[in-house]
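Each chain, written out:
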Amino acid sequence: CTATLIGCQTMLTAAHCVCAGPSAATCGTPTTTNKFVFFQHNGAYNLSSIAVHPGYDSNAGLGNHDLAILRLAAPVAGIKPATLGASVALGTTVQMVGFGTAGPSLSSGTKGQGSSVTGQCDHAIGTAICYNFEAPLGPPGTDSTACPGDSGGPMYAVQGGISRLVGATSGGQGPGFADCTAPVQGVYSAVAPDLSWITSVAAGDLGQGHCGTLENAGSSGSPIAGTSGILAPGADTMLLPVNVPAG
C-alpha cells in the first residue's frame, strides 16, 4: 500500500490496507507489529498506532470512509507534509501518486504518478471521488489509473493555487482493474467529508510547512538527484545513472 505524510508524525492511508475485515466493525484491532513506513529520501519509520475511520464499510461500496491514520513512532525530518484539501467538483483535473504496479507484467515498488479528470461515480457514495479510465487513452501520464499496490495513495488537486490532498485510493471497479487496463472506474475516499475525524486523530499534527531541522527534500537547500521515464509492457527495465559529487 501507499500512504501520505500529512503531519510530521502522521500519515493517511486506506483503511482496507490495515484491516482484517471489510468494515470498521470487522476490522479487528490493527497491530503495528512488523509494519513500517518507508520514505524514498528519509528511510524507514516504525508505527506507534493505527486508527481506522469508524464509518469504514466497503460492503456499502468503495470509497466509503476508507481511511486510516498511521502514527509514526518518531517524527520525520526534511519532508514537507501534504496540505489537506476541500471537496472537488466533477471535471476537476487531479494528480494521483502511488507505488503500485504500472501494468499487468510490472512489479510494484516504483513511484508512479499521473493525472485524470473526476467524473460521476457509477455507484453513488457520498464520500467517494471517481474518475473513468477508458479507451482511447491519452498520452502516458495524462490519462492514468491507480493499480494494485496504490491503495491508500494520494489524489491531489490544485485549490487556491496550492496542490492539496483531496483523496486516498480506495480501489477500482470494472473489467480492467486487476491488470490496470481500460475500462476502469477508479474510486478514492475523499478527505473533505472526514476532515473533522482526521483533525481529531492527528491531534494538532497538521499544517506544518517543515519538519525537523533538515531542509525539505527537493528544496534548493536539499536537492534531489534523479531522472524520470516511463515503464510499460515491453519496456520494463530502465537504467538511471546518478552522479554523486566528490565529498
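What counts and how
- Residues numbered from 1 in each chain as written.
- Predicted model: local features only at pLDDT ≥ 70, side-chain atom pairs only at ≥ 80, totals over all residues.
- Heavy atoms only, no water.
- Core = buried A, V, L, I, M, F, W, Y, C linked by side-chain atoms within 4.5 Å.
- Buried < 20%, exposed > 50% of the residue type's maximum accessible area, 1.4 Å probe, protein only.
- Helix = DSSP H or I, 4+ residues; strand = E, 2+ residues; numbered from the N terminus.
- Contact = heavy atoms within 4.5 Å.
- Pairing = 2+ DSSP bridges.
- Disulfide = S-S within 2.5 Å.
- Axes fitted to C-alpha atoms, helices over the stretch in contact; angles between N-to-C directions.

Colleague: A description of the nonpolar core should follow, citing residues and the corresponding values.
Modeller: Membership of the largest hydrophobic core comes to 20 residues, with the highest contact counts inside it found for Phe39, Val52, Leu72 and Val76. At the level of secondary structure, the elements contributing two or more residues to this core comprise strand 3 (36-39), strand 4 (43-52) and strand 5 (68-72). Broken down by element, this core gets its largest block of residues, 4 residues, from strand 4. If near-sequence neighbours (up to four positions away) are discounted, Val52 is found in contact with Ala15, Val18, Cys19, Cys27, Pro30, Leu67, Ala68 and Trp197. Counting residues in each nonpolar core, the second largest holds 12 residues, with Val94, Ala157, Val166 and Ala190 among its members.

Colleague: Run through the pairing of strand 9 (residues 154-159), naming residues and quoting values.
Modeller: Bridge analysis of strand 6 (residues 93-98) against strand 9 gives 2 bridges, and the strand direction is antiparallel. In the strand pairing of strand 9, Gln95 is matched with Tyr156. With 6 bridges joining them, strand 9 and strand 10 (residues 162-173) adopt antiparallel strand pairing. The residue of strand 10 that forms the bridge with Ala157 is Arg164. Adjacent in sequence and paired antiparallel, strand 9 and strand 10 are bridged by 2 residues, among which Gly160 carries a positive phi angle near 65 degrees.

Colleague: I'd love a proper account of the state of the cysteines, names of residues and values included.
Modeller: According to the stated counting rule, one finds 5 disulfides in the structure shown. Covalently, Cys121 is tied to Cys130 through a disulfide, its sulfur atoms 2.1 Å apart. The S-S bond linking Cys121 to Cys130 shows a torsion near 100 degrees; that makes this disulfide right-handed. Exposure class is identical for Cys121 and Cys130. Each is buried. Take the cysteines of the protein chain that form disulfides and number them in order along the sequence; they join up as 1-3, 2-10, 4-5, 6-7, 8-9.

Colleague: Quick rundown of the pairing of strand 4? Include the residues and the values.
Modeller: Summarising the sheet, strand 3 and strand 4 pair through 4 bridges and their orientation is antiparallel. Paired with Phe36 across the strands is Asn46, a residue of strand 4. Turn length for the strand 3-strand 4 hairpin, with the two strands adjacent in sequence and antiparallel, is 3 residues. Both strand 4 and strand 5 contribute to a ladder of 5 bridges, which runs antiparallel.

Colleague: Please provide a residue-by-residue account of the sheet that holds strand 4, values included.
Modeller: The strand order 1-2-5-4-3 describes an open sheet built from 5 strands, whose pairing is antiparallel. In this open sheet, the two edge strands, each paired with only one partner strand, are strand 1 (4-7) and strand 3. Shown here is a sheet whose adjacent strand axes are inclined to one another by a mean of 40 degrees, direction ignored. Pairing of strand 1 with strand 2 (residues 10-13) involves 3 bridges; the strand directions are antiparallel. Bridge pairing in strand 2 links Gly7 to Thr10. This element, helix 1 (residues 195-202), spans strand 1, strand 2, strand 4 and strand 5 of the sheet and lies at about 20 degrees to strand 5.

Colleague: So what about the side chain of Thr10? Which residues, and what values?
Modeller: Secondary-structure assignment places Thr10 in strand 2. By relative accessible area, which is 0% here, Thr10 ends up buried. Setting aside residues no more than four positions away along its own chain, Thr10 makes contact with Thr4, Leu5, Ile69, Leu70, Arg71, Ala202 and Asp205.

Colleague: Residues and numbers for the sheet that holds strand 7 (residues 112-119), please.
Modeller: Spatially, 6-7-8-11-10-9 is the arrangement adopted by the 6 strands of the closed barrel, whose pairing is antiparallel. Across the sheet, the mean angle from the axis of one strand to that of its neighbour is 45 degrees, orientation sign disregarded. Of the strand pairs in this sheet, strand 6 and strand 7 are connected by 6 bridges, and their pairing is antiparallel. Residue Gln95 lies in a different strand from strand 7, and its bridge partner there is Ser115.

Colleague: Can you tell me about the environment of Pro148, naming the residues and giving the values?
Modeller: Mapped onto the elements, Pro148 comes out in the loop between strand 8 (128-133) and strand 9. As for Pro148 and Asp179, which are separated by 31 residues in sequence, their C-alpha atoms are 8.2 Å apart.

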